[in-house]
Amino acid sequence: MSSHHIVKEKQEPALYIDELGNFNEELLGQLLEWSPTLLVNGDNYDKIRSLGIKVDVLVNGKEADIQEDTKVIQGPVDDLMVAINHLYEEKFPAVNVITRKFDLEKFAGFEDKINLVVFTEKAKHYPIKSGFSVWKPAGSEFLIHGNRYLEVTNLTQNEDEVFEVVNDGFVEFTFSGQPIYISEPLS
């Protein structure tokens, strides 16, 4: 018996490739598994195309020699801002971003517009609001970006400013103000 999955448009997070670098191909395959709307900037377009991947939206790229049915969007600002603003205007609820380096200043401010998860070669980064809790096994690690005034449960901080889960169970983050970003290493 086979199963068929029907994905409603915009039900899956879009995927924006800002910088592919040496990103894990298996994880890329997992992010592409449900055929999300794929946005790629001009600098990465040829590489993605050479992998045989269909690009839906080319961001700040040249219109010459593009795949059939690829939409081209241009903007006066950074490719990331053009891509995120396009997804926001198109009412996408979420986006996964692949980039080489997580830069808090680049991503701060988008968390109220769209659910955002940023993947680099070694970690995933995402914003959380106060009261966020998640179950994690003991030894799991988090980095916390931005707000240093927060209360955490079931976490201890080591000398490298990495927070480690003490016991299997829920971890909770409580703080005031804007959402903060946390990072988890990719296994």
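Report follows, based on the coordinates. Because the structure is a prediction, the values reported are computed rather than measured.

**Some remarks on the pattern of salt bridges**
In total, this model carries three salt bridges according to the counting rule given. The residue glutamate 19 makes a salt bridge to arginine 100 at a minimum N-O spacing of 3.5 Å. Taken as a pair, glutamate 19 in the loop between strand E1 (14-17) and helix H1 (25-32) and arginine 100 in the loop between strand E5 (94-98) and helix H4 (104-107) lie far apart in primary sequence, 81 residues in all. Residue glutamate 184 pairs with lysine 136 through a salt bridge whose shortest N-O separation is 2.6 Å. With glutamate 184 in strand E14 (residues 180-185) and lysine 136 in strand E8 (residues 133-136), this residue pair connects regions lying 48 residues apart in the sequence. Relative accessible area serves as the criterion here: at 16%, lysine 136 is assigned to the buried category.

**Thoughts on the pairing of E1**
Side chains Ala14 and Tyr16 of E1 all project onto a buried face; the interleaved residues Leu15 and Ile17 project onto the opposite face, where all are buried too. Looking at chain direction, E1 and E5 are connected through four bridges and run parallel. Pairing of leucine 15 across the sheet is with asparagine 96, part of E5. Looking at chain direction, E1 and strand E2 (residues 38-41) are connected through three bridges and run parallel. Each residue of the ladder has a partner; that of isoleucine 17, found in E2, is valine 40.

**Some thoughts on the packing of aromatic side chains**
Under the definition given, this model contains six aromatic pairs. Pairing tyrosine 126 with phenylalanine 132 gives two aromatic rings, centres 6.1 Å apart and planes at 65 degrees, and the pair type is edge-to-face. Looking at tyrosine 126, the relative accessible area reads 11%, which means it is buried. According to the relative accessible area criterion, phenylalanine 132 is partly exposed, its value standing at 24%. Each ring, one from phenylalanine 132 and one from phenylalanine 173, has its centre 6.1 Å from the other, and the planes form 40 degrees; the classification is tilted. Of the two residues, phenylalanine 132 is situated in the loop between strand E7 (123-128) and E8 and phenylalanine 173 in strand E13 (residues 169-175); the sequence distance between them amounts to 41 residues. You can call phenylalanine 173 buried: its relative accessible area is 0%.

Thresholds, definitions, all that
Residues numbered from 1 in each chain as written. Predicted model: local features only at pLDDT ≥ 70, side-chain atom pairs only at ≥ 80, totals over all residues. Heavy atoms only, no water. Salt bridge = Lys/Arg side-chain N within 4 Å of Asp/Glu carboxyl O. Helix = DSSP H or I, 4+ residues; strand = E, 2+ residues; numbered from the N terminus. Buried < 20%, exposed > 50% of the residue type's maximum accessible area, 1.4 Å probe, protein only. Pairing = 2+ DSSP bridges. Phe/Tyr/Trp six-rings, centres within 6.5 Å; stacked < 30°, edge-to-face > 60°.

Any functional reading would require information that these geometric values do not contain.
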